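Chains, contacts and geometry: an overview
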Amino acid sequence: MDMQVAKKKLGLKERYAVMTRGLDWKPSYQKMEDIYPYIAYEGIKIHDWDKWEDPFRLTMDAYWKYQSEKERKLYSVLDAYVQSNGHLNVTDARYLNTVKLFISGISPLEYVAHRGFAHAGRQFPGPGPRVACLMQSLDEIRHAQTQVHAVSNYNKYYNGMHDFHHAHDRVWFLSVPKSFFDDAITAGPFEFMVSIGFSFEYVLTNLLFVPFVSGAAYNGDMGTMTFGFSAQSDEARHMTLGLEVIKFILQQDPANVPIVQRWIDKWTWRGYRVLTLVAMMMDYMLPKRTMSWKEAWEVYFEQNGGALFKDLARYGIKMPDCAAQIALEKDHLSHQAWSTFYNYGAATNFHSWMPDEDEMAWLSAKYPNSFDKHYRPRYEFWREQAAKGNRFYNKTLPMLCQTCQIPLVFTEPGDPTKICYREVDYKEDKYHFCSDHCKKIFEDEPEKYVQAWLPVHQIYQGNCFPEGTDPTVEGFDPLAAVLKYYHLEHGRDNLDFEGSEDQKNFEAWHGQATKNI
Amino acid sequence: MSTVFIALQTNEDTRQIVDAILQDNPHAVANEQPAMVKIDAEGKLVVRRETIEELIGRPYDLQEMQIHMITMSGNLDQTDDEMTLFWNA
Amino acid sequence: MAVAAVKEYQFAPADSVDKFHGNQLLYIGWEDHLLFCAPFAFPFPPAMRFGDIIAGVLPGVFGYHPDFAQIDWSKVEWLKSGQPWQPDVEKSLAENGLKHKDVIRLRTPGLTGIKGSFS
């Protein structure tokens with residue numbers, strides 16, 4: 001009998017080469033520019049697509065193997081979590097509001113990212129980046145699906161999550177993340193890769209996922225922790241792809257450098273403005289804090305981003321100018337954001353509240369230069385008024401930034417007592433901005449941003465009421481009509497946490513879970 | 001020199017991987033955070049397959065790390081035997 | 001700079017004045033009172049008397065703040081697009097030169113918010 005000799009396996013490098021090279025053919029009866037119509041117009045020059053290499057050298061066969069294992073792990077934990085009524089083990093029902101923010105603000109972006117990477121992958125003529133984009137596109141739809149599955153468990157018990165996708169496309173503050181991603185997918189494939197693949201995934205995603213997932217773990221939310229970690233295991237690969245893409249584009253042609261620098265400047269700022277929501281989540285919405293926004297920013301942007309831009313200096317890329325303003329805002333961002341949601345707590349799909357005495361002490365300790373001086377007096381006043389039955393609900397719509405779509409809540413760089421106003425005259429109209437950086441982004445591409453769907457202006461145009469609404473009738477209540485259009489129920493999905501149905505139910509159910517009634 | 005890092009989930013599989021990394025990179029520092037371990041190292045960090053195999057007592061494919069990774073920082077190069085994170089500047 | 005695009009890229013602005021049913025947008029901010037997190041946006045008819053904003057609109061908007069009742073309206077300083085500006089309360093928005101999407105601010109000397117914190 002012949003001895004079976006095990007065939008020598010290919011090494012990782014050879015396997016990667018075999019699976020990602022030579023997959024194409026030269027078209028003979030179609031022109032390359034007809035097959036890849038979006039590859040030239042952004043001005044990026046690529047001379048040799050084969051120079052692109054995934055440093056993980058992951059091939060599709062290995063991809064399926066590891067992804068399926070991740071899914072098995074995830075769903076066994078989710079099942080156990082649901083079977084043991086895990087939702088009653090979170091630190092405090094206030095915590096659930098972070099989940100509401102996540103499912104309506106972030107999960108829909110995962111789906112758009114799926115579409116974006118599918119599109120970018122289709123447009124790139126090089127098989128290496130195409131394979132990597134395919135994997136990332138599949139990752140992103142997996143994230144959207146697992147997040148919806150994990151959060152659907154909470155939706156059975158708590159308010160505000162029931163129509164998250166409808167909300168994402170309509171609710172005033174959700175236009176901030178939505179317009180951010182819409183801006184990215186309507187750009188060309190190279191700008192998309194720099195915006196999402198590099199600026200968001202590499203430079204900023206740690207600030208979204210690591211604190212959020214650690215926060216979930218710290219607050220007893222095993223469901224969110226598990227989907228978060230499962231998604232995050234893909235993020236490590238996405239970050240690597242993002243960095244490789246940048247290096248690849250920069251190495252291909254020196255003419256690419258100024259284009260890429262402008263995109264990095266733009267998308268670092270755009271992404272940072274979206275992270276305003278994360279800042280307030282970390283400092284205000286997690287009952288048990290992991291680290292402050294300021295600390296997370298210092299670790300993940302200032303140290304890590306600093307190292308990154310030092311490394312990219314040899315290509316002629318520098319740290320975005322906006323980093324200087326961001327450094328000035330880190331003592332203020334989360335407080336200004338939470339004040340905003342406290343103001344407009346009647347128009348949100350989650351609850352807001354004033355921090356208690358212990359939480360204020362934590363904020364004072366973490367923000368010694370800003371909290372007691374600028375924010376504590378405001379909060380104490382609001383708390384006193386709420387105790388007297390006069391909880392502040394701001395019912396007048398705010399002025400929005402034309403670019404990031406956040407209300408003009410940010411203060412002048414270096415002066416936290418003055419709102420920052422910027423404006424530009426373009427053609428027939430005036431346009432307003434929260435900052436020099438949002439203004440610059442508009443000035444670079446005004447034709448794009450004059451089309452912005454600004455929720456406040458849309459409401460005043462009459463486009464945000466349920467069909468058949470007559471806003472001219474006597475006693476018309478625009479806020480009530482807008483909430484109906486959002487599919488939110490007044491008094492249930494919105495307003496203060498104190499007195500909410502979530503608060504009452506959690507207390508009652510938690511009691512049942514620990515006593516024999 | 002800048003710091004590179006890798007963060008792994010805290011679980012039974014990664015306990016020995018973390019040990020192996022610390023053994024091979026004496027300059028590395030492990031920071032335990034809720035549900036995760038972040039390993040920071042000046043300049044460069046090398047994860048070696050052989051060391052992991054010695055500690056877990058079975059063959060190991062470095063791509064299995066995909067399942068447990070949370071985040072990383074630095075340029076990456078992966079072969080059958082090593083996964084290296086590094087900064088050039 | 002223009003948008004990089006594969007073909008001509010021109011679109012009508014989403015917020016031109018013709019879309020507001022006879023109104024124009026006016027933004028109003030109260031300096032040194034960050035209890036109101038941002039300036040406000042209003043759709044007003046251009047023929048509206050400026051004084052009617054002060055008497056009829058602002059109390060409902062800013063009245064929650066204890067400083068509001070203290071305002072001496074004869075001393076209020078106004079800014080339009082960040083520059084000193086003097087409205088005539090008897091005249092209309094249009095006669096005061098206010099156009100669609102103009103931004104005005106009021107400064108109330110001596111009033112510096114909750115416990116002087118500019119809140």
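Parameters at a glance
Residues numbered from 1 in each chain as written. Chains lettered and ligands numbered in written order. Predicted model: local features only at pLDDT ≥ 70, side-chain atom pairs only at ≥ 80, totals over all residues. Heavy atoms only, no water. Helix = DSSP H or I, 4+ residues; strand = E, 2+ residues; numbered from the N terminus. Buried < 20%, exposed > 50% of the residue type's maximum accessible area, 1.4 Å probe, protein only. Contact = heavy atoms within 4.5 Å. Core = buried A, V, L, I, M, F, W, Y, C linked by side-chain atoms within 4.5 Å. Pairing = 2+ DSSP bridges. Axes fitted to C-alpha atoms, helices over the stretch in contact; angles between N-to-C directions. Buried area = accessible area lost by both parts, 1.4 Å probe. Salt bridge = Lys/Arg side-chain N within 4 Å of Asp/Glu carboxyl O. Polar contact = N/O pair within 3.5 Å; in protein donor to acceptor, adjacent residues only side chain to side chain. Parallel < 35°, antiparallel > 145°, perpendicular 65-115°, else oblique. Left-handed = near helix turned anticlockwise from the far one by under 90°. Patch = residues over 30% accessible without salt bridge, like charges linked within 9 Å, V, L, I, M, F, W, Y side chains within 5 Å. Areas by Shrake-Rupley, 256 points an atom, 1.4 Å probe, with all protein chains shown as cover.

As recorded by an unreviewed UniProt entry, chain C carries the name Phenol hydroxylase and is attributed to Zoogloea ramigera.

Chain B has the name Monooxygenase in an unreviewed UniProt entry, where Zoogloea ramigera is given as its organism.

**Describing the environment of Val213(A)**
Residues and elements named next belong to chain A. As for its position among the elements, Val213 is in helix α9 (residues 189-218). Overall, the relative accessible area of 1% leaves Val213 in the buried class. Taking C-alpha positions, Val213 is 7.0 Å from Thr224, a pair spaced eleven residues apart along the chain. Dropping the residues within four chain positions of it, Val213 is found in contact with Met225, Gly228 and Phe229.

**Points about the nonpolar core**
Ranked by size, the top nonpolar core spans 234 residues in total, and within it Phe198(A), Trp293(A), Ile6(B), Met83(B), Ile28(C), Ile53(C) and Phe62(C) carry the most contacts. No other element matches α9(A), which puts 17 residues into this core.

**Structural notes on the sheet that holds strand β4 (residues 44-48) of chain B**
Residues and elements named next belong to chain B. Overall, antiparallel pairing links the three strands, which are arranged β4-β7-β6 in an open sheet. Since the sheet does not close on itself, it has two edges, and those belong to β4 and β6 (75-78), each with one partner. Strand-to-strand twist in this sheet, taken as the mean axis angle between neighbours without regard to direction, amounts to 10°. Bridging between β6 and strand β7 (residues 82-86) involves four bridges; their strand directions are antiparallel. Each residue of the ladder has a partner; that of Asp77, found in β7, is Thr84.

**Quick look at unusual backbone geometry**
The phi angle at His487(A) is positive, at roughly 60°, despite the residue not being glycine. With respect to the helices and strands, His487(A) occurs in the loop between α21 (478-486) and α22 (501-514). Its relative accessible area of 39% is what places His487(A) among the partly exposed residues. Even without a glycine there, the phi angle at Lys101(C) is positive, about 70°.

**A short note on the sheet that holds strand β3 (residues 36-42) of chain B**
Reading across from one edge, β2-β3-β1-β5 (chain B) is the order of the four strands in this open sheet, with antiparallel pairing throughout. Edge positions in the open sheet fall to β2 (29-33) and β5 (69-73) of chain B, since each of these has one partner strand only. Neighbour-to-neighbour, the strand axes of this sheet turn through a mean angle of 15°, independent of strand direction. Sheet topology places strand β1 (residues 3-9) of chain B next to β5(B); four bridges connect them, and they run antiparallel. Paired with Ile6(B) across the two strands is Met72(B), which belongs to β5(B). Across the face of the sheet, α9(A) comes into contact with β1, β3 and β5 of chain B while running at roughly 145° to β5(B). Contacts from helix α1 (residues 12-24) of chain B reach β1, β2 and β3 of chain B, with the element oriented near 160° to β1(B).

**Re the interface of chain B and chain A**
In this assembly, 34 residues from chain B lie in contact with 38 residues from chain A. Approximately 3100 Å² of surface area, both sides summed, lies buried where chain B meets chain A, with 56% of it carried by carbon and sulfur atoms. When the area that chain B buries against chain A is broken down by residue, the three leading residues are Gln63(B), Gln66(B) and Ile67(B), summing to 21%. Counting across the interface, chain B meets chain A through one salt bridge. Between the two partners, chain B and chain A, sit 17 residue pairs in polar contact (both at pLDDT 80 or more). Elements supplying a minimum of two residues to the side of chain B that touches chain A: β1, β3, β5 and β6 of chain B. Sorting elements by how many residues they give to the side of chain B that touches chain A places β5(B) first, with five residues.

**Focus: the packing of helix α3 (residues 60-83) of chain A against helix α10 (residues 222-252) of chain A**
Residues and elements named next belong to chain A. Closest axis-to-axis distance for the α3/α10 pair is 8 Å, and the angle between their directions is 170°. Here α10 runs roughly antiparallel to α3, going by the angle between their axes. As α3 packs across α10, the resulting crossing turns out to be right-handed. Of the residues in α10, those in contact with Tyr63, Gln67, Lys70, Leu74, Val77, Leu78 and Tyr81 of α3 are Met222, Gly223, Thr226, Phe227, Ser230, Ser233, Asp234 and Arg237.

**A short note on the interface of chain C and chain A**
Tallying the contact residues gives 46 residues for chain C and 57 residues for chain A. For the pair chain C and chain A, the interface holds two salt bridges. When the shortest N-O distance is used, the salt bridge between Lys115(C) and Glu380(A) registers 3.9 Å. In this structure, the connection of chain C to chain A is made through 20 residue pairs in polar contact (both at pLDDT 80 or more). Those elements giving two or more residues to the side of chain C that touches chain A turn out to be β1 (24-30), β2 (40-44) and β5 (102-107) of chain C. With four residues, the single largest contributor to the side of chain C that touches chain A is β2(C).

**Brief notes about a nonpolar patch on the surface**
All names here are of chain A. A surface patch of nonpolar side chains, about 260 Å² in accessible area, is lined by Leu10, Val18 and Met19. With respect to the helices and strands, Met19 occurs in helix α1 (residues 12-20). Residue classification places Met19 among the partly exposed residues on the basis of a relative accessible area of 34%.

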